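Remarks on the overall topology
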There are 2 protein chains.
Amino acid sequence: MDLASVVSAESLVEPQGRYLADLMGRGVQGTADAVVLPSSVEEVSAVMRWCYENDVPLTARGGGTGLAGGAIPVHGGIVIGFERLNKIRQFDPLLWRMHVEAGVTTGDIQRLARESGLRFPPDPGAAEISQVGGNIACNAGGPHAFKYGVTGTWVTGLEVVIPPGEIVRVGGPIRKDVAGYDLKNLLVGSEGTLGLITAAWLKLVPAPELELPVIGLYRDAEAGISAIERVLGSGVVPAAIEYLDGVTLQFSGGAYPFGLPDDAAFMVITEADGSYAEARRVAAELKEALAEDAVAVHAPLEPSEVTELWRWRGGAAFGILAQRGGAYSEDIAVPLDKLRDVARETLEIGERHNVPALSFGHAGDGNIHSTFLFSPDDLEEEQRADDACHELFELALRLGGTISGEHGVGWLKRGQLEHQLGPAGFDLHNRIKQTFDPKNLLNPGKKQ
Amino acid sequence: MDLASVVSAESLVEPQGRYLADLMGRGVQGTADAVVLPSSVEEVSAVMRWCYENDVPLTARGGGTGLAGGAIPVHGGIVIGFERLNKIRQFDPLLWRMHVEAGVTTGDIQRLARESGLRFPPDPGAAEISQVGGNIACNAGGPHAFKYGVTGTWVTGLEVVIPPGEIVRVGGPIRKDVAGYDLKNLLVGSEGTLGLITAAWLKLVPAPELELPVIGLYRDAEAGISAIERVLGSGVVPAAIEYLDGVTLQFSGGAYPFGLPDDAAFMVITEADGSYAEARRVAAELKEALAEDAVAVHAPLEPSEVTELWRWRGGAAFGILAQRGGAYSEDIAVPLDKLRDVARETLEIGERHNVPALSFGHAGDGNIHSTFLFSPDDLEEEQRADDACHELFELALRLGGTISGEHGVGWLKRGQLEHQLGPAGFDLHNRIKQTFDPKNLLNPGKKQ
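Attention shifts here to the packing of helix α6 (residues 221-232) of chain B against helix α8 (residues 276-291) of chain B. Residues and elements named next belong to chain B. Between α6 and α8, the least distance of the axes is 8 Å, while the angle of their chain directions is 145 degrees. Once α6 is placed against α8, the crossing between them reads as right-handed. Residue-level contacts link A227, R230 and V231 of α6 to L286, A289 and L290 of α8.

Here is the structure:
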């Protein structure tokens, strides 16, 4: 029985290139026998049953904006995309909740919530392209995760298909549930290796009236990280605490909307939010905490400036990529007292491997994008950048951190997990995989 | 080889009654061959290895304040208590985090945080007795979970012992981690059936400057629940949204600190918190939302009154229990649009089974303590109350909710889980148990 007999004709498309890679999968492109774009959960179930009966690998993809190669079909088989499962099944603004299919873009959910005075807080990069199912499967983060938590925080229930094709609902439109084991959070962040998320119940929260970024600029990392520590000690809860190091500013500071002073070699971005009065109060505290030793403090007030700031911050990664054409940008997370070590040792690792290095990211969560640049034409340089990444993973573990704070393990970090989890933890991890997917057909080779 | 050879002499105590029951396990008392109170994670590991080698059940208990019989050793064997594992291993107030052993009381953690201007938000009942390990194992809730989330929200890492005795660390003092499957949240709420939690890394948050409860009193449930809906629609985020129905007020309203008007038959308690100005702003919004159709609105301002209010609210359950000597107080959670159904149908179920019925609880989370009273001397009445509970569980599922929002399944809700999870979900649940605990020795008979 071939696949065409279990799915509708319009669900089957040719395996074009755009279904075989992700946003920054280091040029890796997978292969697939077919791409299926189902339009119902029953069709997802049918595809999985077919794969399970025929021992065919099944790799899920959302918007393809992943940064760890998680959606690349490295072992061939079937690619399943969710772009046609894109209905808002229910939206109850007065009850702060939404029920959406996996293929709805995160940007659409944010917008719909905002129109009703609510907020869907997760703000990963590429929200306009990334689908909420993919964001849940990666438990995506973003700058405002510091105050609001990562994607999983806002998911109260999931509709999933688990091998060999069972449709299961875990949780629902309910805000508390301790009945069964927490299968919901087990599926969140499982990168398509345990089950396929077809729909989610999301929790929302009233939107803040005002968002006021406060930016501190410093001569060096030491002064900047001391400022972050003062922010944490100030007694207020910022919505975001980001940093960009000197090299990052060198490469992307030209487009910074409020003008970079010549002696600025480290930037701390914080944000106050809440009611008008509360956002202003918090912004004043942040200003005071950031001012000491600062070269300059910028506090844009206009909503258009705020949008411009975050657009620039979101685009910084692309400015960096443009420098040499290639960049390995990782996402380690460490205890907050280790921020200094990450900022310094990232540069040292780069020096040791003779590749340009820089770091930026979600400092308040200790989640830093240490990045190594290379020219894609220089295979030897690329190899050195890859070696630098491996040393970075060792650094993260030595500092008591994790190899991945928000991108996931995917394909690019393969082989690293065992070092982090230790033999007993890794064994448990693998037994969980085995429990869900005994034939190892769901996104094989990933999250390993 | 007997148990005494693998643990120190002072860790072994006689199996006295207080180690064999929980706070409201319906009089059920278990049996045990020995009670072990280890003083190190290595000793916990040794006990588990011994149990695994000798096929002896191992039941963990914290402070014994559980409400579902989860800590009762119903299959005998060894009881393991954590009262001697009670060190604060590390406290970094400037980094908003604490590392504690499982036996530290939740009250001590709250106090220690508060002394440094921070808050550990989980506020289950009996915080002075309950241990954080037990609160994590049950993923305990409480009134302020509405704004701050349940216990698991504040746990960034766990040290656990998993069968046959491996010491594993999942997460740590890090705020983001998507490397492995979310074993941390799988262990949170697992009620001692997957592993034994020996220590936890906790996340803290700056404490609010001010807490201002605003209480609305209504003639009936319809008016009160409409007020809750107005609160949700008001655009502010209250710290808590509680309700107490008319029968609850009849039994416990006498001690209400601000005087219950004669025609008050439904109470809604909300709370505003934050900076001084923010708490006052939110309190004003809450007052406006609650005032419509209210018999009275109370807004205590003094910190001593606030303490008194929550002490009264926390004690309401005991006032109810005192009515007839026995009470089955459940913890179903439902979608927020079903609050009316729960309030009304709880009473109808009581009528059908001829037992006094009432409901109160965490309305903002849809997590309601529907309660059926009986005299412990009247076995037939107790049976009717038990039947009423079973009908209540059916109601929760019919309304799209869960049989347990915060107490857990434990022993008392045995047999219910399958109805909630469905065959495929329940099978998955059981396979997870099997993956961790292939010999079914950890707290056997629970969370089933």
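There's more to say after this.
Between the two copies, chain A and chain B, the superposition gives an RMSD of 0.0 Å; the rotation angle is 180 degrees and the shift along the axis is 0.0 Å. In symmetry terms, the pair is related by a two-fold rotation axis. A share of 100% of the interface residues of chain A reappears at the interface of chain B, consistent with the copies meeting face to face through the same patch.

Residue and element names in this part refer to chain A. With antiparallel pairing, 5 strands are arranged side by side in an open sheet as β5-β6-β10-β8-β9. A single partner strand is all that each edge strand has here, and the edge strands are β5 (88-92) and β9 (166-171). Sheet twist, expressed as the mean angle between neighbouring strand axes with direction ignored, is 10 degrees. As judged from the 6 bridges shared by strand β8 (residues 155-162) and β9, these two strands associate in the antiparallel manner. Counterpart to G157 in the pairing with β9 is G171. Its contacts with the sheet place helix α2 (residues 106-115) against β5, β6 (97-101) and β10 (196-203), and it is angled at close to 150 degrees to β6.

Right, let's talk about the interface of chain A and chain B for a bit. Counting from both sides, the interface comprises 76 residues of chain A and, opposite them, 76 residues of chain B. For the pair chain A and chain B, the summed buried area comes to about 6000 Å², and 64% of that belongs to carbon and sulfur atoms. The largest per-residue losses of area from chain A upon contact with chain B belong to K176, V178 and Y181 of chain A, which jointly make up 17% of the total buried on that side. One can count 6 salt bridges joining chain A with chain B. Residues D337 of chain B and R97 of chain A are paired through a salt bridge, measuring 2.8 Å at the closest nitrogen-oxygen approach. At the boundary of chain A with chain B, the tally comes to 36 residue pairs in polar contact (both at pLDDT 80 or more). The element contributing the most residues to the side of chain A that touches chain B is helix α12 (residues 417-436) of chain A, with 12 residues. The residue makeup of the side of chain A that touches chain B, split by class, is 35 nonpolar, 24 polar and 17 charged.

What follows deals with the confidence of the model for chain A. In the predicted model, chain A carries a mean pLDDT of 96, and 99% of its residues have values of at least 70. As scored by the predictor, the complex reaches a pTM of 0.97 and an ipTM of 0.97.

Time to look at the domain arrangement of chain A. All names here are of chain A. Domains assigned within chain A are domain 1 (3-81), domain 2 (88-206), domain 3 (208-311) and domain 4 (325-406). One C-alpha centre belongs to domain 1, the other to domain 2; they are set 21 Å apart. Across the contact, 14 residues belong to domain 1 and 14 residues belong to domain 2. Regarding the contact of domain 1 and domain 2, the summed buried area is about 1300 Å², with carbon and sulfur atoms giving 71% of it. On the surface where domain 1 and domain 2 come into contact, there are 0 salt bridges.

Two side chains bearing opposite charge may form a pair once their charged atoms approach each other closely. Evaluated as defined, the whole model comprises 62 salt bridges over all chains. Among the salt bridges present, the one from D55 of chain A reaches K439 of chain A, with a minimum N-O distance of 3.0 Å. Linking D55 of chain A in the loop between α1 (41-54) and β3 (58-61) with K439 of chain A in the segment after α12, this pair joins segments that are 384 residues apart in sequence. Relative accessible area serves as the criterion here: at 47%, D55 of chain A is assigned to the partly exposed category. We classify K439 of chain A as partly exposed; its relative accessible area is 39%. Here E101 of chain B and K87 of chain B are joined by a salt bridge, their closest N and O atoms 3.7 Å apart. Residue E101 of chain B is located in strand β6 (residues 97-101), and its partner K87 of chain B is located in the loop between β4 (78-81) and β5 (88-92); the two are separated by 14 residues in the primary sequence. Accessibility expressed as a relative area gives 4% for E101 of chain B, which makes it buried. Within this structure, K87, R89, E101 and E159 of chain A form a network of salt bridges that share partners.

What counts as what
Residues numbered from 1 in each chain as written. Chains lettered and ligands numbered in written order. Predicted model: local features only at pLDDT ≥ 70, side-chain atom pairs only at ≥ 80, totals over all residues. Heavy atoms only, no water. Axes fitted to C-alpha atoms, helices over the stretch in contact; angles between N-to-C directions. Helix = DSSP H or I, 4+ residues; strand = E, 2+ residues; numbered from the N terminus. Left-handed = near helix turned anticlockwise from the far one by under 90°. Contact = heavy atoms within 4.5 Å. Least-squares fit on C-alpha atoms with pLDDT ≥ 70 in both. Pairing = 2+ DSSP bridges. Buried area = accessible area lost by both parts, 1.4 Å probe. Salt bridge = Lys/Arg side-chain N within 4 Å of Asp/Glu carboxyl O. Polar contact = N/O pair within 3.5 Å; in protein donor to acceptor, adjacent residues only side chain to side chain. Nonpolar A, V, L, I, M, F, W, Y, C, P; charged D, E, K, R; others polar. pLDDT = per-residue confidence, 0-100. Domains from an automatic or database assignment. Buried < 20%, exposed > 50% of the residue type's maximum accessible area, 1.4 Å probe, protein only.

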